[in-house]
Every structure is written in C-alpha cells, then in structure tokens.
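So the chains spell out like this:
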Amino acid sequence: MIHAVGVRKSYGMIDVLRGVTMSVARGEVACLIGPSGSGKSTFLRCINHLEKHDAGVLSVDGSFVGYEQRGAKLYELNDKEICAERARIGMVFQRFNLFAHLTALENITLGPIRVRGLDEKVAIARARELLDRVGLRDRDGNYPSQLSGGQQQRVAIARALAMDPKLMLFDEPTSALDPELVGEVLDVMKDLAHSGMSMIVVTHEMGFAREVADQVIFMDEGIVVEAGAPEQMLSQPRSPRLVNFLSKVL
Amino acid sequence: MNGDEPLEVVPVRHYRQWLAAAGVALGAAMLVHALLAKIPTGLWNCITTHGQRRCSPVLQWRFHWDVVSQYFTTGPILRGLLMTIELTVLSMVAGILIGIVVAVMRLSRNRLLSSVAWSYTWFFRGTPVLVQLIFWFNIAALFPTLGFGIPFGTVFFKVNVLSVFTKFVSVLVALALNEGAYMSEIVRGGILAVDEGQVEAASSLGLTRLQTMRLVVLPQAMRVIIPPTGNEVISMLKTTSLASTVALGELLMSVEHVYNSTYQVIPLLIVASLWYIVISTVLSVGQFYVERHYAKGSLRTPPPTPVQRLRADLSGIGRKLRERPSFLRTATSR
C-alpha cells in the first residue's frame, strides 16, 4: 500500500526526513513510534501531500504521491488531481480539527457531498451508519464544542471513513485526550483494524501497538532505525536507540 | 452571644456611587430642560378685553421641534433618506466583495497577487475618502473616453466616461473602492483567525482550495469579521453624507436644500441626525442577530436576545426584592 525509499524533507536548514525507507502492505496496520521531532508526523503528512517531500520515492497503492509517471518523466500533479488523491486517504489529527461551525453529522457529510458529489440523503444515511459505528448515534446534531475530546475524535474518524478511504492515517490520535477518554478512541481504531483497513498510526500507545499492529516502525532523527513485528520490536529491541526510547516510554 | 440566633447582615453602602448618580441625574435633567425649553420670539400676543389691553410674549421651542416634525417625513427628505440607504447598501455590498477578493489575493502564495492587493489597500487607505470622491466625480476630466483593448495596441470599444460616471455612480465607485480597502483588512483578520488545522482537515478530505475557503474558512471567519463590519456599515451610512459635496441628493443634501431657502439650519440638521440615528439603530439590531447566527458552534449556548435578557433582568430584580439576604446562620459566629 505504501512504498517509501529514501524520502527526504527539509524546512530551510533543518532536515526533518533524511531518507525514510519503509513499506506497508495492503490491510496492514503499521504503528510509527519514536521520540518527538523524529519526523513521524512529517512523514505521515507527506503521504497525503499535506507536505511535499523533496526527494525520494513515495508511492501509495502503486502511484507516486504528487506525481504521475508518463514514459520516462514524472509530471507534477495539479491541485485538482492532488485533491482527488487525498480524497482516497483518510486522515485523523491529534487535535481532531472538526469543522467548528458544522454539526457532527454535517462534518461527516461535507466531504461525500462536496467532493464525491453524493446525493444529500444518501450521504446523511451513510453518516448516520458511521456515527452508529463509532458509538455516537444520538450525537448527530451536536457541534464539536458540545462534544468531549474522545467524542470529537470519534466523529473525526467517522468523517474520514465517510470518504471510503483505501488507507487511514492517524497522527497521534489520542495525545490530546484526557487519559480516561483514550480507550474509547482506541477501541474504534481496533475495530477498524480488524475490519481489514490499511492503517498507519503515529502513536505513543505502546499497548495499542503491541495488540493491534502488524508492524512497528521506529523512527529517530528522520530515518527508520528499526522495523518489525510488535512482539519482537517491543520485547527484544536490537538497536540501542530503540532500547533507550522504550526505557523512557514503557 | 448565642450561636443559635441568626445574625443580621448589613449590606455595604455605596455613598460615592449615590453621589455620582445624583450628579449624572442632575446633568440629564439640565439636558432635557435645554431640549424642551421655550424661548420668546420677540413677538407679543395682545388681546383687548373690556377696554383693557393685555400682552404676553409669544414663545417657541428653542430647538424648533415643530419645524423638525413638520419636515421629518416630507417627500424630499424621504427621497434623500432612500438615496442614503441605497448608497450605503450598494457601496457596502461592493466593498465587502472587493474586500474578500483583495484579502484572498493578499494571502495568496503568488507574490504578484499579494503585492497588488497590498498596494490597493495602501493607496485607498492612504488618501482621504473625500478626495477620492471628488476625484471620481471629475474622472471625465482625466479620461474623457475609456477604451477597452490591448495595452499599446488595438482598442476594441470605447465608452463615454461622462455618461457612465453620473453623480451617483462616481460616489458609489469612490465609496466602494475605499470601503474595499478597509474590508480587505477586516476579512484578512478573520481568515487568519481560523485555525490552520481546519484547512488541513478540509484538504485531507479532498476539498479544493476554493471549496475550503468558501465552505470551511469563511463561515468561521465570519464570527470575527462581523463586529468590525457592523462598524463599517454604520460608518458608511454617515460617510455617504460626503456625497452632498458633489450635490448628490442624499439625506444631508436634501435638508441643505430646505434650509438654504428657509434658513432653519438647526431644525433641519436635527431632522437629518434623527434619521441617521434611526437607521443606525436598526442596523445595530440587525448586527446582533447576524452575530448570533454565526456564533453557532462556537458557543455552547447562544447569547440571549435583548428580550430574553430584559426578562431575566426583571425577574432577577423581583427575586432580589422578595428574598432579602438579611439573615445568615454560621457555625463560627459564637
């Protein structure tokens, strides 16, 4: 699903990504872990082109992110084509980023109606199903400010799912939540993982990584230091940097 | 002292507040007196009864309220009022549209667009609106005809500037262009106040930049944009009176017309002022409800309408009168 070779990104003089190489298979759940500033979020944002990578190969589902190959040349995609690519990739943010002026239901239907051109009635029916799935059936008319952090994040997941994404990206989805609300969001994500969705999750929840992930990828200072099965990564880390990191978070 | 006996509470007395209130009340009474005072006209009213002649001075309102009410709803004044409202509405609508376009240009990644937008604001904020108004009124002196075509090349068609730039149009153009400069800064402030995360979330759903602006950013920016825009509308209502300098028949011009022949300057200025106050009051009420509309989602409960607030205040006073907190039992009063 994701194939990255030597992905680089810098902001001015600061190299955030210094050659990230990884791959995530279809239906796989990959957890990206690492200290803050290691480039996890930046890499995630490169995948749906919220950030533009400077060098390296990055492809989603077989096509290059932000470019189209025709013969021996890569053509940069225009805004419209990039929008179409993004619409197939769901993203969940640390700070939820629900549209504050829209109700929970309207948050979910905005994309399907405006981007997919779905009929309003169909979109609403589908949005209600999704709200039910994340356990918020009776919260459809609430504005984000009237919902708890955990509820907002579940609406945000439903909003992303409404676009029928082939891949879901989670950028520290539980970091901004009160501890007692983390569980309800992780439960929704577990269900999603079991349904066979391809997911990349930047997280500090090692328990979630151990339980749900097919692959754990440890990043530090802009590169992938170590990747492997969760059991092996978290119980028998090989690189000293991962050992050091785990000693701080576990 | 026995702890079972309740203690009386003596509320603090605000003597200085009472003194200040008395002073303000006195001032208000003086103002009312000045407004309602009658003064001698210099004429005398004499009647002779049983061969005895009695005279009393003829009095009149100092502020000539009779003249005010006589002219308040006459045709010329109402026509002037209508033109003032028209000018306000049209120039604000145009100004807001210009403002949105210029604000979006200013925030564009394209350097040319953003510097053109900056220059526009710089120029129109930097020169007095009265000067701009007289300039547009005299535009025909600069460009007798206006040609559309390729710069330095072919001209496709020409228009006669004098016929296009009537008094009304030149005033409208001047006010709208000037307003656009101020509105662009207001709109820009509103757009910048919307969290960056909202744009990212919209992008991640695949909304185009135009859709993001229209469906996500602007509706939320409105909450910040509306209060200063309300200011601008009310300010514009009164700025339209500058059009009287080019003899456009708006409200101020209409009363000038009257007092130029009757010399009742003050009463007619009061007529105009009262109308300006009436319209700006209506606009303020409108602003309240527009703000309330765009507050949805940002507040858990919408602010009360004036009627709701008045009701709450009245019931609060009633409660205060009924339940005087005169007694309090405390455990530590022993």
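Here the structure is shown first, and the text comes after it.
Residues numbered from 1 in each chain as written. Chains lettered and ligands numbered in written order. Predicted model: local features only at pLDDT ≥ 70, side-chain atom pairs only at ≥ 80, totals over all residues. Heavy atoms only, no water.

**Student:** Sorry, what's going on with the interface of chain B and chain A here?
**Tutor:** The partner chain A presents 25 residues to the 24 residues of chain B that form the contact. Of the roughly 2200 Å² buried where chain B meets chain A, counting both sides, 55% is carbon and sulfur surface. On the chain B side of the interface with chain A, the three residues burying the most area are Glu 200, Ser 204 and Leu 205 of chain B, jointly 28% of the side's total. The interface formed by chain B and chain A contains three salt bridges. Where chain B meets chain A, there are eight residue pairs in polar contact (both at pLDDT 80 or more). Elements supplying a minimum of two residues to the side of chain B that touches chain A: α9 (196-204) and α10 (209-239) of chain B. For the side of chain B that touches chain A, the class distribution of residues is eight nonpolar, ten polar and six charged. (Contact = heavy atoms within 4.5 Å. Buried area = accessible area lost by both parts, 1.4 Å probe. Salt bridge = Lys/Arg side-chain N within 4 Å of Asp/Glu carboxyl O. Polar contact = N/O pair within 3.5 Å; in protein donor to acceptor, adjacent residues only side chain to side chain. Helix = DSSP H or I, 4+ residues; strand = E, 2+ residues; numbered from the N terminus. Nonpolar A, V, L, I, M, F, W, Y, C, P; charged D, E, K, R; others polar.)

**Student:** How should the sheet that holds strand β10 (residues 198-202) of chain A be read in this particular structure?
**Tutor:** Note on sheets: strands pair through backbone hydrogen bonds, and any given pair is parallel or antiparallel. All names here are of chain A. With mixed pairing, six strands are arranged side by side in an open sheet as β8-β9-β10-β3-β11-β12. Both edges of this open sheet fall to β8 (89-92) and β12 (223-228), since each of them pairs with a single strand only. Looking at each pair of strands side by side, their axes are set apart by 20° on average, direction ignored. Here strand β3 (residues 29-33) runs beside strand β11 (residues 215-220); their pairing, made up of four bridges, is parallel. Bridge assignment links Ala 30 to a residue of β11, and that residue is Gln 215. Against the sheet, helix α1 (residues 40-47) makes contact with β3, β8, β9 (167-171), β10 and β11, and its axis sits at roughly 150° relative to β9, the strand it touches most. (Pairing = 2+ DSSP bridges. Axes fitted to C-alpha atoms, helices over the stretch in contact; angles between N-to-C directions.)

**Student:** Explanation requested: the state of the cysteines in the structure shown.
**Tutor:** Where two cysteines share a covalent bond between their sulfur atoms, that bond is called a disulfide. For the coordinates displayed, the defined rule picks out one disulfide over all chains. The disulfide bridge from Cys 46 of chain B ends at Cys 55 of chain B, spanning 1.8 Å between sulfur atoms. Taking the torsion about the sulfur-sulfur bond, which here is approximately 110°, the covalent link between Cys 46 of chain B and Cys 55 of chain B counts as right-handed. The partly exposed category is assigned to Cys 46 of chain B, whose relative accessible area is 27%. Cys 83 of chain A supplies the cysteine sulfur nearest to Cys 46 of chain A, a cysteine that is in no disulfide, at a spacing of 17 Å. (Disulfide = S-S within 2.5 Å. Buried < 20%, exposed > 50% of the residue type's maximum accessible area, 1.4 Å probe, protein only.)

**Student:** Can you walk me through the pairing of strand β2 (residues 38-49) of chain B in this structure?
**Tutor:** Residue and element names in this part refer to chain B. Of all the twelve residues making up β2, zero are buried; the element is thus mostly uncovered. Here nine bridges tie β2 to strand β3 (residues 52-61), and the two strands are oriented antiparallel to one another. Residue Cys 46 lies in a different strand from β3, and its bridge partner there is Cys 55. In this structure, the hairpin formed by β2 and β3 is closed by a connection of two residues, where His 50 is found at a positive phi of approximately 50°.

**Student:** Any chance you could explain the pairing of β3 of chain A here in plain terms?
**Tutor:** One face of the sheet, then the other: side chains in a regular strand alternate in exactly this way. All names here are of chain A. Counting buried residues in β3 gives five out of five residues, a clear majority hidden from the surface. Residues Val 29, Cys 31 and Ile 33 point to one face of β3 and Ala 30 and Leu 32 to the other, with burial holding for every one of them. Across four bridges, β3 lies against β10 in parallel orientation. Residue Ala 30 lies in a different strand from β10, and its bridge partner there is Ile 200.

**Student:** Sorry, what's going on with the nonpolar core here?
**Tutor:** Counting residues in hydrophobic clusters, the biggest one holds 48 residues, and the most contacted among them are Ile 157, Met 168, Phe 170, Met 189 and Met 199 of chain A. When near neighbours in sequence (up to four residues on either side) are disregarded, Met 189 of chain A contacts Ile 157, Phe 170, Pro 173, Met 199, Val 201 and Phe 208 of chain A. The next biggest cluster of nonpolar side chains, apart from the first, holds 38 residues, and it includes Leu 32, Val 60 and Phe 99 of chain A together with Leu 205 of chain B. (Core = buried A, V, L, I, M, F, W, Y, C linked by side-chain atoms within 4.5 Å.)

**Student:** Would you explain the side chain of Glu 51 of chain A in this entry?
**Tutor:** All names here are of chain A. Inspection of the secondary structure puts Glu 51 in the loop between α1 and β4 (55-60). For Glu 51, a relative accessible area of 15% gives the class buried. One polar contact links Glu 51 to Tyr 11, side chain to side chain, over a distance of 3.2 Å. Residues in contact with Glu 51, not counting those within four places in the same chain, are Lys 9, Tyr 11, Arg 45 and Cys 46.

**Student:** Would you mind going over a nonpolar patch on the surface with me for this structure?
**Tutor:** Residues and elements named next belong to chain B. Together, Phe 135, Leu 142, Phe 143, Leu 146, Phe 148, Ile 150, Phe 156 and Phe 157 make up a nonpolar patch on the protein surface, roughly 820 Å² of accessible area in all. Its place among the elements puts Phe 135 in helix α5 (residues 129-137). Note on Phe 135: relative accessible area 40%, which makes it partly exposed. (Patch = residues over 30% accessible without salt bridge, like charges linked within 9 Å, V, L, I, M, F, W, Y side chains within 5 Å. Areas by Shrake-Rupley, 256 points an atom, 1.4 Å probe, with all protein chains shown as cover.)

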